[in-house]
Amino acid sequence: MLGSYREVMWPRLVANKILRKSVGSNNFVADFPPDTEQKFLEASGLVDERASFTSKSILLEQHKTTHLNTKVFVSTWNVGGIVPDDGFDMEDLLETHQTPCDIYVLGFQEVVPLRASNVLGSDNNKVSTKWNSLIREALNKEAKPHGDKDLSESKGINGISQDFRCIISKQMVGILITVWVRGDLWPYIRHPNVSCVGCGIMGCLGNKGSVSVRFQLHETTFCFVCSHLASGGRGRDERQRNSDVNEILARSSFPRGSSLDLPKKILDHDRVIFLGDLNYRISLPEEKTRLLVESKEWNILLENDQLRMEILNGQIFRGWQEGIVKFAPTYKYVPNSDLYYGCITYKKDEKKRAPAWCDRIIWYGNGLKQHEYTRGETKISDHRPVKAIFTTEITVIRRGKKIRNFFFSDRFEDRINGYSSIDSKDYSWIST
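As the structure is a computational prediction, the values presented were derived from the model and not from experiment.

The share of residues in the chain with pLDDT of 70 or more is 73%, and the mean pLDDT across the chain is 82. Here residues 1-10 is a poorly scored stretch, pLDDT under 50, and it has three contacts once near neighbours within four places are set aside; other chains count. Across residues 39-53, where pLDDT falls below 50, the model places 14 contacts with residues more than four positions away in sequence or in other chains.

As summarised here, the arrangement of the six strands in space is β5-β6-β7-β8-β10-β9, forming an open sheet in which the pairing is mixed. Unpaired on one side and paired on the other, β5 (189-198) and β9 (320-322) mark the two borders of the sheet. For this sheet, the mean inter-axis angle between neighbouring strands, taken without regard to orientation, is 20°. Bridge analysis of strand β8 (residues 271-277) against strand β10 (residues 359-364) gives six bridges, and the strand direction is antiparallel. By the bridge assignment for β10, Ile-273 is matched with Trp-363.

Applying the stated criterion to the full structure yields 18 salt bridges. Here Arg-290 and Glu-286 are joined by a salt bridge, their closest N and O atoms 2.9 Å apart. Taken together, the positions of Arg-290 and Glu-286, both in helix α7 (residues 286-294) and four residues apart, correspond to about one turn of that helix. Because the salt bridges share partners, they merge into one network encompassing Asp-338, Arg-375, Glu-377, Lys-379 and Arg-384.

Applying the stated criterion to the full structure yields 17 aromatic pairs. Pairing Phe-222 with Phe-224 gives two aromatic rings, centres 6.1 Å apart and planes at 5°, and the pair type is stacked. By the burial criterion, Phe-222 is buried, and Phe-224 matches it. With centroids separated by 4.3 Å and ring planes inclined at 25°, the aromatic side chains of Tyr-333 and Tyr-340 adopt a geometry described as stacked. Accessibility expressed as a relative area gives 4% for Tyr-333, which makes it buried. Every member of this aromatic cluster is reached through a ring pair, and the members are Trp-77, Phe-88, Phe-108 and Trp-131.

So, how was this worked out
- Residues numbered from 1 in each chain as written.
- Predicted model: local features only at pLDDT ≥ 70, side-chain atom pairs only at ≥ 80, totals over all residues.
- Heavy atoms only, no water.
- pLDDT = per-residue confidence, 0-100.
- Contact = heavy atoms within 4.5 Å.
- Pairing = 2+ DSSP bridges.
- Helix = DSSP H or I, 4+ residues; strand = E, 2+ residues; numbered from the N terminus.
- Axes fitted to C-alpha atoms, helices over the stretch in contact; angles between N-to-C directions.
- Salt bridge = Lys/Arg side-chain N within 4 Å of Asp/Glu carboxyl O.
- Phe/Tyr/Trp six-rings, centres within 6.5 Å; stacked < 30°, edge-to-face > 60°.
- Buried < 20%, exposed > 50% of the residue type's maximum accessible area, 1.4 Å probe, protein only.

If you want it as structure tokens, here you go:
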């Protein structure tokens, strides 16, 4: 019976993917949603809606806009289908002890091998669960106590309380993006959604494409696009990568919300970051590329970097920015070594694949300031991870309430201004 069930379901899965059937913008893994507690209260009738004012008084809303500086960590890593073991150390990637951040966004490519069973079948969530478990452990690791200080009293890394929660984690075939926020920011996260676009086989399957996530923190919207674009180092292969980008920007879509005031498209958001294995290569002969890499002539190589040239020529990513690249090409390495592929003996007719900056992080528009753009040195894959740290201002609206009686004098009004910060749902002090 189980065998026949699989025979029925597998073609249906394939058909859904080919027909680009949406799995839903809320189909993702996360810790409890930020508004869960409020929804429970509303459903149970426990929300206090007492507004027992006489006709002589009214409730005035007062809004005060402030800004909150927030630090955002972003990384991308093609892990080449390697599943990490239980003791895998995430510190080289996260750098939590050096530069603790408020938001962590980690993008991965090829978390599973891109064979037919993985591309056409259902997603293997065991792998994403494993990565999320390692990330949770690393972000919430307590700092070691100093002297006789009890461990229970230590606050965490650099004295900052470590209570990170996952607000979105979504996998499409080999692409995985997972977003974590500090515990005290978690209640202010709203409207988390995902949008998946397949650009691979037949132009629609998920071996290539993107997983975009969006959310609103206070009054500022964020969108992160984790992508794996078309591969290939031959002439004009970059055109297919450009086509993938256009497809991702055109087809990615998010719900507008009940009030129809939420951004629908990627570029409509306040803060937008595009990360992933973009697969753009260096347009130079292989031997010359290898010689320039060996002598660390990054500027000459970057002048011939396809992504840089496409942006400058206005072919793709108009209005986008990238930080200064001061690190060695991240692809293609012999796993577990510092040797680029092709520097050692390889089989006849095997692709050599010259070094390239395939793994990139770029951002759109204003509002983001990049402070770090570098690579990690974890060697389990044929790619090195790339990471960036940004700061940005979050718009915060402080909402207060003020009671005013129609028959109070202006003098009395001035005296009760001190009550403007009273909880809008606590009216027990008012006589009715």
